[in-house]
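Report on the structure
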Amino acid sequence: MLELTGLTAGYHGGTVLHGLDLSVPAGTVHAVVGHNGAGKTTLVHTVAGLMRPSAGTVRLDGRDVTGQPAHRIARAGIGLVPQGRRVFAGLTVDEHLRLSHRPPRRGDTTRPSVWTPARVLELLPRLGERRGNRGTDLSGGEQQMLALARALLGSPRVLLLDEPTEGLAPVLVRQIDALVTTLAAEGIAVLLVSPSPARAVACARTLTVLTSGRMTLRLSGEDARADATALDAALELTATGA
Ligand SMILES: Nc1ncnc2c1ncn2[C@@H]1O[C@H](COP(=O)(O)OP(=O)(O)OP(=O)(O)O)[C@@H](O)[C@H]1O
Ligand SMILES: [Mg+2]
């Protein structure tokens with residue numbers, strides 16, 4: 001379970017994220033939806049230890065990991081799939097997998113499941129066909145799969161997904177949605193940030209709308225699927241979906 005309380009963060013003294021409370025139980029997806037600049041990446045970077053919060057706490061299964069450096073947070077079981085994938089241009093798929101493989105410490109029973117390169121390739125067979133290809137030779141969808149593979153190889157308890165379907169064709173968007181659902185069903189707590197309510201509604205147990213770094217709506221996925229009015233209003237979408 002990932003639990004954020006009063007999380008506050010920003011840049012150069014300016015606050016972007018204003019006291020966010022949010023929890024993601026194991027085995028569920030919590031989607032944070034917000035427009036460009038709402039603070040979604042700031043949120044996941046703060047949870048992942050790439051930025052230090054100015055206030056608030058990040059807890060993983062009750063353990064306070066607030067302000068710890070990124071490598072320790074990753075070691076504790078929080079995996080990040082960054083916006084824009086960030087794969088290495090010059091490394092092959094195989095090299096990415098080898099370098100990202102971080103088995104849990106012996107006796108660590110907190111992981112929903114343990115991932116190896118072989119198991120990741122079973123889940124993402126397309127990567128298996130591209131094992132010798134370098135990052136620059138992969139399509140956007142393949143790069144996204146590789147970014148996901150890297151995070152899984154830390155055998156995470158929590159996955160932070162920053163716009164995992166950005167720029168992908170609809171068929172790949174559906175594949176990623178299905179993967180997110182599969183990974184949550186395995187017991188991973190998934191925090192998904194997205195500008196698109198449609199996608200978030202499809203797979204989330206809970207949704208939070210983030211507007212200028214503040215929560216402006218929280219509702220269940222079930223309620224959002226039954227009636228999108230409140231969500232659309234919070235995102236100031238018109239009836240035509242503009
Ligand atoms: N490195 C930075 N230095 C200063 N300000 C930043 C930095 N990164 C982001 N910001 C500002 O913080 C605010 C939130 O940015 P953030 O990247 O978290 O938004 P986002 O919701 O992820 O947007 P997008 O949908 O475009 O990815 C924006 O006003 C942005 O200009
Ligand atoms: Mg972003």
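Residues numbered from 1 in each chain as written. Chains lettered and ligands numbered in written order. Predicted model: local features only at pLDDT ≥ 70, side-chain atom pairs only at ≥ 80, totals over all residues. Heavy atoms only, no water.

**Observations concerning the overall build of the protein**
Across its full length, the protein holds 10 helices and 10 strands. Relative to the globule expectation of 18 Å for 242 residues, the C-alpha radius of gyration of the protein, 17 Å, shows essentially globular dimensions. With the principal axes as the frame, the protein shows a C-alpha extent of 45 × 40 × 35 Å. For the protein, restricting intrachain contacts to residue pairs at least 6 apart in sequence, the fraction spanning at least 24 positions comes to 69%. (Helix = DSSP H or I, 4+ residues; strand = E, 2+ residues; numbered from the N terminus. Rg over C-alpha atoms; globule rule 2.2 N^0.38 Å. Contact = heavy atoms within 4.5 Å.)

**With respect to the nonpolar core**
Counting residues in hydrophobic clusters, the biggest one holds 44 residues, and the most contacted among them are Leu159, Leu207 and Leu231. Contacts of Leu159, omitting those with residues within four sequence positions, involve Gly79, Val81, Leu148, Ala151, Leu152, Leu183, Ile188, Ala189, Val190 and Leu191. (Core = buried A, V, L, I, M, F, W, Y, C linked by side-chain atoms within 4.5 Å. Buried < 20%, exposed > 50% of the residue type's maximum accessible area, 1.4 Å probe, protein only.)

**Re the side chain of Thr208**
Mapping Thr208 onto the fold places it in strand β9 (residues 206-211). On the basis of relative accessible area, Thr208 is assigned to the buried category, the value being 0%. In this structure the side chain of Thr208 is engaged in a polar contact, spanning 2.6 Å, whose partner is the side chain of His30. Among residues more than four places away in sequence, those in contact with Thr208 are Leu22, His30, Ala31, Val32, Val33, Met215, Leu217 and Arg218. (Polar contact = N/O pair within 3.5 Å; in protein donor to acceptor, adjacent residues only side chain to side chain.)

**Focus: a positive patch on the surface**
A contiguous patch of positive charge on the surface is contributed by Arg63, Arg72, Arg75, Arg102 and Arg105. With respect to the helices, strands and loops of the structure, Arg72 is situated in helix α2 (residues 70-76). For Arg72, a relative accessible area of 44% gives the class partly exposed. (Patch = residues over 30% accessible without salt bridge, like charges linked within 9 Å, V, L, I, M, F, W, Y side chains within 5 Å. Areas by Shrake-Rupley, 256 points an atom, 1.4 Å probe, with all protein chains shown as cover. Salt bridge = Lys/Arg side-chain N within 4 Å of Asp/Glu carboxyl O. Lys, Arg positive; Asp, Glu negative; His and termini not counted. Charge placed at Lys NZ, Arg CZ, Asp CG, Glu CD.)

**Considering the UniProt feature "domain: ABC transporter" (unreviewed entry) in the protein**
Mapped onto this numbering, the UniProt entry gives "domain: ABC transporter" (unreviewed entry) at residues 2-237. Annotation note: span residues 2-237, helix share 36%, strand share 26%, distance between end C-alpha atoms 30 Å. (UniProt positions renumbered as here; feature names shortened; annotations may be inferred.)

**A closer look at the sheet that holds strand β4 (residues 55-60)**
Read from one edge of the open sheet, 4 strands run β2-β1-β4-β5, paired in antiparallel fashion. A strand with exactly one partner marks an edge of an open sheet, and here the two such strands are β2 (14-24) and β5 (63-64). Where β4 lies against β5, 2 bridges are found, and the strand directions are antiparallel. Directly across from Arg59, in β5, lies its bridge partner Asp64. Seen against the sheet, helix α1 (residues 40-48) touches β1 (2-11), β2 and β4 and runs at an angle of roughly 115° to β1. (Pairing = 2+ DSSP bridges. Axes fitted to C-alpha atoms, helices over the stretch in contact; angles between N-to-C directions.)

**A look at the packing of helix α6 (residues 140-152) against helix α7 (residues 170-185)**
For the pair α6 and α7, interaxial distance at closest approach is 11 Å and the crossing angle is 15°. Our classification of the angle between α6 and α7 gives roughly parallel. Here the hand of the crossing between α6 and α7 comes out right-handed. For the pair α6 and α7, the contacting residues are Gly141, Gln144, Met145, Leu148 and Leu152 in the first and Leu172, Gln175, Ile176, Leu179 and Leu183 in the second. Split by residue class, the contact of α6 with α7 holds 7 nonpolar, 3 polar and no charged. (Parallel < 35°, antiparallel > 145°, perpendicular 65-115°, else oblique. Left-handed = near helix turned anticlockwise from the far one by under 90°. Nonpolar A, V, L, I, M, F, W, Y, C, P; charged D, E, K, R; others polar.)

**Focus on the site of ligand 1**
As a matter of local geometry, ligand 1 sits amid 13 residues, with Gly37, Lys40, Thr41, Thr42 and Gln83 nearest to it. Gly37 is positioned with one of its backbone polar atoms (N or O) 2.8 Å from an oxygen atom of ligand 1. Separating an oxygen atom of ligand 1 from a side-chain N or O atom of Gln83 is a distance of 2.9 Å. Taken by itself ligand 1 offers 640 Å² of open surface, and the protein chains cover 59% of this. The greatest single-element share of the shell around ligand 1, amounting to 3 residues, is contributed by α1. Taken together, the residues that form the shell around ligand 1 break down as 3 nonpolar, 8 polar and 2 charged. (Near = heavy atom within 4 Å.)

**Structural notes on the coordination of the magnesium ion (ligand 2)**
At the metal site, the magnesium ion (ligand 2) is ligated by Thr41 (OG1) and Gln83 (OE1), and these contacts range over 2.0 to 2.2 Å. Pair noted here: Thr41 is in helix α1 and Gln83 is in the loop between β6 (78-81) and α3 (93-100), with a separation of 42 residues, a long-range link. (Donors = N, O, S within 2.8 Å, 3.2 Å for Na, K, Ca; no water.)

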